[in-house]
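Structural characterization, general
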Amino acid sequence: MLKKALKNYFSSALYIFVAMGIIYLILIIVVFLFVMNTVQNLGVMFGDISDLIGNSVSLSGNAVEEFIDYTVDKIDWNADFVSIVKQIMDTNWIKTSIEGFLHTLNVSTENFTTEFDIILQNCLGSVITNLVVAISLLFAGVYFAGVATGYLVRRKTAKKNMKQVILNFIFSPLFLALTVFVLMWLAMLIKGYVLILLVVLGLVYEAISLTQAWFIYGRGKIKYKQAVNLKNVGSNVLAAVIIIAIVIALFVLLSFISKFIAVLVIVPVAVYSVNIIGVNADSYICSLAESRA
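Residues numbered from 1 in each chain as written. Predicted model: local features only at pLDDT ≥ 70, side-chain atom pairs only at ≥ 80, totals over all residues. Heavy atoms only, no water.

The number of helices and strands found in the chain is 11 helices and 0 strands. Listing each helix as α and each strand as β along the chain from the N terminus yields α-α-α-α-α-α-α-α-α-α-α. For the chain, restricting intrachain contacts to residue pairs at least 6 apart in sequence, the fraction spanning at least 24 positions comes to 79%. Counting every atom, the chain has about 18200 Å² of accessible surface; 72% of that belongs to carbon and sulfur. (Helix = DSSP H or I, 4+ residues; strand = E, 2+ residues; numbered from the N terminus. Contact = heavy atoms within 4.5 Å. Areas by Shrake-Rupley, 256 points an atom, 1.4 Å probe, with all protein chains shown as cover.)

Relative to the assigned elements, T38 resides in helix α2 (residues 16-59). On the basis of relative accessible area, T38 is assigned to the buried category, the value being 13%. Sequence-distant contacts of T38, that is, excluding residues within four places in its chain, are made with V127 and N130. (Buried < 20%, exposed > 50% of the residue type's maximum accessible area, 1.4 Å probe, protein only.)

Ranked by size, the top nonpolar core spans 16 residues in total, and within it Y9, V269, Y272 and I276 carry the most contacts. Looking at this core, the elements with two or more residues in it are α2, α10 (230-255) and α11 (259-292). For Y9, the residues in contact, after removing those within four places along its chain, are I243, I246, V247, V269, Y272, S273 and I276. Counting 15 residues, the second-largest nonpolar core is a separate cluster that includes L210, F215, I216 and Y217. (Core = buried A, V, L, I, M, F, W, Y, C linked by side-chain atoms within 4.5 Å.)

With that settled, consider helix α1 (residues 2-11). Think of an α-helix as turning once every 3.6 residues; residues three or four places apart then point the same way. Buried within α1 we find A5, N8 and Y9. In a view along the axis of α1, the buried residues occupy a sector of 100°, so they form one face of it. The exposed residues of α1 that point more than 90 degrees off its buried face are K3, K7 and F10. (Arc of directions from axis to C-beta.)

Quick look at the packing of aromatic side chains now. Summed over all chains, the structure comprises 3 aromatic pairs. Here Y9 and F10 contribute two aromatic rings whose centre-to-centre distance is 5.3 Å and whose plane-to-plane angle is 85°, an arrangement assigned as edge-to-face. Owing to a relative accessible area of 5%, Y9 belongs among the buried residues under this scheme. Judged by relative accessible area, which is 53%, F10 ranks as exposed. Members of the aromatic cluster, joined through ring pairs, are Y9, F10 and Y272. (Phe/Tyr/Trp six-rings, centres within 6.5 Å; stacked < 30°, edge-to-face > 60°.)

Further remarks concern the environment of S11. Note on placement: S11 falls in helix α1. On the basis of relative accessibility, which here comes to 38%, the residue S11 falls in the partly exposed class. Polar contacts involving the side chain of S11 include one to the main-chain carbonyl oxygen of K7, which spans 2.6 Å. (Polar contact = N/O pair within 3.5 Å; in protein donor to acceptor, adjacent residues only side chain to side chain.)

Taking 1.5 Å of rise per residue, the 26 residues of α10 would be expected to cover 38 Å, and the 37 Å separating its terminal C-alpha atoms lies within 8% of that figure. Among all positions of α10, only N232, V233, S235, N236, V237, A239, A240, I243, V247 and L254 are buried. Between the side-chain oxygen of the N-cap and the backbone nitrogen of K231 there are 3.2 Å, and the N-cap of α10 in question is N229. (Expected span 1.5 Å × (residues − 1).)

Running from N to C, α1 and α10 point in directions that differ by 35°, and their axes come no closer than 8 Å. Both α1 and α10 take part in a crossing whose hand is right-handed. Here L2, A5, L6, Y9 and F10 of α1 lie close against α10, whose contacting residues are S235, L238, A239, I242, I243, I246 and V247. Along the lines of polarity and charge, the residues of the contact of α1 with α10 split into 11 nonpolar, 1 polar and no charged. (Axes fitted to C-alpha atoms, helices over the stretch in contact; angles between N-to-C directions. Left-handed = near helix turned anticlockwise from the far one by under 90°. Nonpolar A, V, L, I, M, F, W, Y, C, P; charged D, E, K, R; others polar.)

With respect to the helices and strands, A5 occurs in helix α1. Overall, the relative accessible area of 2% leaves A5 in the buried class. The sequence separation of A5 and A240 amounts to 235 residues, and the corresponding C-alpha distance is 8.5 Å. When near neighbours in sequence (up to four residues on either side) are disregarded, A5 contacts A239, I276 and N280.

Below you can see the structure in the form of structure tokens.
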């Protein structure tokens, strides 16, 4: 079974590009929409700030004009250009001028700071909302890539007839619920022994996967013990460990080049690898049942 599982992994490797295409396309669309919406929100913010400042200046009387005269007089405009620039940069003239200008508006205009804070908070809230939506769409894209890749992988390695499709549709949720329940129960039962817990969880997960595969593909064709035994369960776990190790090794290797590139490559590779791990039990039982037919 180990040989069959690894053969599935390498022989179907071209499907990685299916996951890549879907994920990268959605990534480009999401980034474009996020940037466009964020730029639009910033434009609205700067427009609101401009209107607020314009209204505040008109209501501030001579206070703003006097502050501007005072700020401009700090610089020796009769000096050469280099000296003027040096005065501006070395004395933090720009920073102190902006702070003083806003302080003058705040003192001379009622509720200026409150309205200014509201504008900033509205913009920040919109940007955060855009970010949450973008991240959600990315996760949805990764999920869709997983579904599409899984369909193609399963069609190649474990084809179903109509009866098997119906059985899978009916009983897969039940086996999934059983798997989640058993794994959660074991996680609560085995506390403090992480390595042992991972081994037990892996064995139980693969045993249930093989049972489900036998029920759909092998029932009436092969004996249950031929499908679900310690050798097959252990082989499937070992295959999963090897596949995970390949993914981790590839990530570490690409990280030496660029962590950004490593993430871009590893996400679709991981999507493909998870699908292969998930279909290995079905593929093995399907081939075993066909050989006994």
